[in-house]
Amino acid sequence: MSRIGKLPVRLPAGVTVEVADGNVVKVKGPLGQLCQKVDSDITVTVEGNEVKLTRPNDNPRFRSLHGLYRALINNMVVGVSEGYTIKQELVGVGYRVEVQGQILVFALGFSHEVHMMLPAEVKAEAEAVKKGQNPVLILKSCDKQLIGQVAAKIRSMRKPEPYKGKGIKFVGEQLRRKAGKSAGAK
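Residues numbered from 1 in each chain as written. Predicted model: local features only at pLDDT ≥ 70, side-chain atom pairs only at ≥ 80, totals over all residues. Heavy atoms only, no water.

Asker: Lay out the overall build of the chain with the relevant residues and their values.
Answerer: Each helix and strand in the chain was counted, giving two helices and 13 strands. The C-alpha atoms of the chain give a radius of gyration of 22 Å, which is well past the 16 Å a tight globule of 186 residues would have. With respect to the three principal axes, the spread of C-alpha positions in the chain is 70 × 45 × 25 Å. The buried share of the chain, taken over its 186 residues, is 37%. A sequence separation of at least 24 residues applies to 50% of the contacts in the chain between residues at least 6 apart. Only carbon and sulfur atoms are counted for the fraction: they give 51% of the accessible area of the chain, which is about 11,400 Å². For the chain, the distance from the average position of its 30 positive side-chain charges to the average position of its 17 negative side-chain charges is 11 Å. (Helix = DSSP H or I, 4+ residues; strand = E, 2+ residues; numbered from the N terminus. Rg over C-alpha atoms; globule rule 2.2 N^0.38 Å. Buried < 20%, exposed > 50% of the residue type's maximum accessible area, 1.4 Å probe, protein only. Contact = heavy atoms within 4.5 Å. Areas by Shrake-Rupley, 256 points an atom, 1.4 Å probe, with all protein chains shown as cover. Lys, Arg positive; Asp, Glu negative; His and termini not counted. Charge placed at Lys NZ, Arg CZ, Asp CG, Glu CD.)

Right, dumping it as structure tokens:
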């Protein structure tokens, strides 16, 4: 059996799971509601405060789907109960971000500002910049897939370059740095 798929998903207090027709799993919690369509071959059952997934046999396709859907449902349960947070740091002279409701306004060294509209499920805030520190953008959401996609889109606007490390990076991310041109080579 799948090591991930056979583990039951424990439901914290305040979280309810409902399996609708068409094998659609709906998870409700204090931070929101999420839905996920599960493959018709995987059976989802709610027993007390646990969600269990079973597969018909050990076919490799069913084994992979078993672990996949268990992980997705677990991410939904964690999202609606605790939520997900991603922090991104803007490294570079003059790089900054401003949050105007659901619109982010970036100054990234281009000749113009870059505007980005956030989905309604994602909330953003910019940490106050202290002298000598880089601006930090904080994204919060209950949907792990969506917040990851938004963070990747933001990072793609100005990826960190390997020589000085300028760009948008995740807080705590280690960048591979390259040596610049060697001085004195004639």
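Asker: Which residues make up the packing of aromatic side chains, and what values do they have?
Answerer: With the rule as written, the count across this model stands at zero aromatic pairs. Over the face of the ring belonging to Phe 110 we find Arg 158, whose NZ or CZ atom lies 4.3 Å from the ring centre. (Phe/Tyr/Trp six-rings, centres within 6.5 Å; stacked < 30°, edge-to-face > 60°. Lys NZ or Arg CZ within 6 Å of the ring centre and 35° of its normal.)

Asker: Explain the sheet that holds strand β11 (residues 123-126) residue by residue, including any values.
Answerer: With antiparallel pairing, four strands are arranged side by side in an open sheet as β11-β12-β7-β13. Since the sheet does not close on itself, it has two edges, and those belong to β11 and β13 (167-170), each with one partner. Adjacent strand axes in the sheet meet at a mean angle of 25°, parallel and antiparallel pairs treated alike. In terms of strand pairing, β11 meets strand β12 (residues 136-141) through four bridges, oriented antiparallel. The residue bridging Ala 126 from the neighbouring strand is Leu 137, located in β12. Contacts from helix α2 (residues 144-157) reach β7 (84-91), β12 and β13, with the element oriented near 5° to β7. (Pairing = 2+ DSSP bridges. Axes fitted to C-alpha atoms, helices over the stretch in contact; angles between N-to-C directions.)

Asker: Provide a residue-level description of α2, including the pertinent values.
Answerer: With 14 residues, α2 extends 21 Å from end C-alpha to end C-alpha; this agrees with the ideal 20 Å at 1.5 Å per step. Every buried residue of α2 is accounted for by Leu 146, Ile 147, Val 150, Ala 151, Ile 154 and Arg 155. If you follow the buried residues of α2, they end up packed against β7, β9 (103-107), β10 (114-117), β12 and β13. If you check the start of α2, you find a side-chain oxygen 3.3 Å away from the backbone N of Gln 145, and it comes from Asp 143. (Expected span 1.5 Å × (residues − 1). Polar contact = N/O pair within 3.5 Å; in protein donor to acceptor, adjacent residues only side chain to side chain.)

Asker: Explain the pattern of salt bridges to me, and be specific about the residues and the numbers.
Answerer: This structure, assessed with the given rule, holds seven salt bridges. Salt-bridge contacts for Arg 10 lead to Glu 50; the nearest nitrogen and oxygen are separated by 2.0 Å. With Arg 10 in strand β1 (residues 9-10) and Glu 50 in strand β6 (residues 50-54), the pair connects residues that are 40 residues apart, well separated along the chain. Using a relative accessible area of 15% as the deciding quantity, one classes Glu 50 as buried. For Asp 58, the salt bridge goes to Arg 55, with nearest N and O atoms at 2.8 Å. Members of the salt-bridge network, linked through shared partners, are Asp 39, Asp 41 and Arg 61. (Salt bridge = Lys/Arg side-chain N within 4 Å of Asp/Glu carboxyl O.)

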